[in-house]
Structure formats: structure tokens, C-alpha cells
Amino acid sequence: MIFGMTTYTFVHVLISLADILSGFVVLYGLLTGERMPAWAAVFLATALATDLTGFGFPFHGVDPAIVVGSSRPSCSWRRSRPSTSSTSPGRGAASM
């Protein structure tokens with residue numbers, strides 16, 4: 001046990017902390033207009049790892065953590081894919 005946690009829980013917490021820290025780096029890049037594809041990939045990978053390791057804990061029924069943990073990977077994957085829209089950024093149907 002590490003800090004009163006099992007090894008599995010400790011690894012899950014470390015992955016979660018890496019997810020949060022890389023998310024702050026990506027947020028900084030978004031706010032300053034810098035593209036940070038490597039950091040974005042680290043963020044998406046650690047977010048997915050956090051969600052997947054979360055399912056290794058005992059299941060006691062559906063709760064908000066299960067709902068978020070189930071939906072976040074598919075949302076993250078969809079947002080990481082390049083857009084195939086025929087409109088250019090900032091030129092939606094409302095601005096035409």
C-alpha cells in the first residue's frame with residue numbers, strides 16, 4: 001500500500017494527475033494560440049488511460065462516475081479526428 005492506497009489505485013491516481021497536468025499545458029496552448037500536437041496526444045492518451053483504469057474498480061451500480069467514464073472516451077476520440085466538413089472554419093451556414 002502506498003499512502004493507504006492499493007498499487008492499482010495509486011497508478012490510477014498518477015495517470016489522472018498526468019492527465020490534469022497535460023490538460024493545463026494544452027489549455028495554455030489554446031489560450032496563446034500555439035499548436036501543441038504532442039501535448040494534445042499525451043492529454044488524450046492519459047485521459048483514455050484514466051477512463052479505462054477506472055473500470056478496474058469494484059462495480060456497485062451505475063453512478064455519475066460510470067456515466068462520465070463511459071462517454072468521455074468516445075467524445076474524446078470524435079474530437080481528435082480531423083474535420084471532414086466542406087465549410088471552412090468560422091464560415092457556418094449562419095454566416096452565409
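The preceding data block contains the structure.
Residues numbered from 1 in each chain as written. Predicted model: local features only at pLDDT ≥ 70, side-chain atom pairs only at ≥ 80, totals over all residues. Heavy atoms only, no water.

(A) The arrangement of the overall build of the protein in detail. On a plain count of helices and strands, the protein comes out with three helices and zero strands. Secondary structure elements of the protein occur, N-terminal to C-terminal, as α-α-α. In the protein, which comprises 96 residues, the proportion classed as buried is 17%. Here the analysis covers contacts within the protein between residues at least 6 apart in sequence; of these, 51% occur between residues at least 24 apart. (Helix = DSSP H or I, 4+ residues; strand = E, 2+ residues; numbered from the N terminus. Buried < 20%, exposed > 50% of the residue type's maximum accessible area, 1.4 Å probe, protein only. Contact = heavy atoms within 4.5 Å.)

(B) Just the environment of tyrosine 28, in detail. Structurally, the position occupied by tyrosine 28 is in helix α1 (residues 7-32). By relative accessible area, tyrosine 28 is classed as partly exposed at 48%. Apart from residues lying up to four places away in sequence, tyrosine 28 is in contact with Glu34 and Met36.

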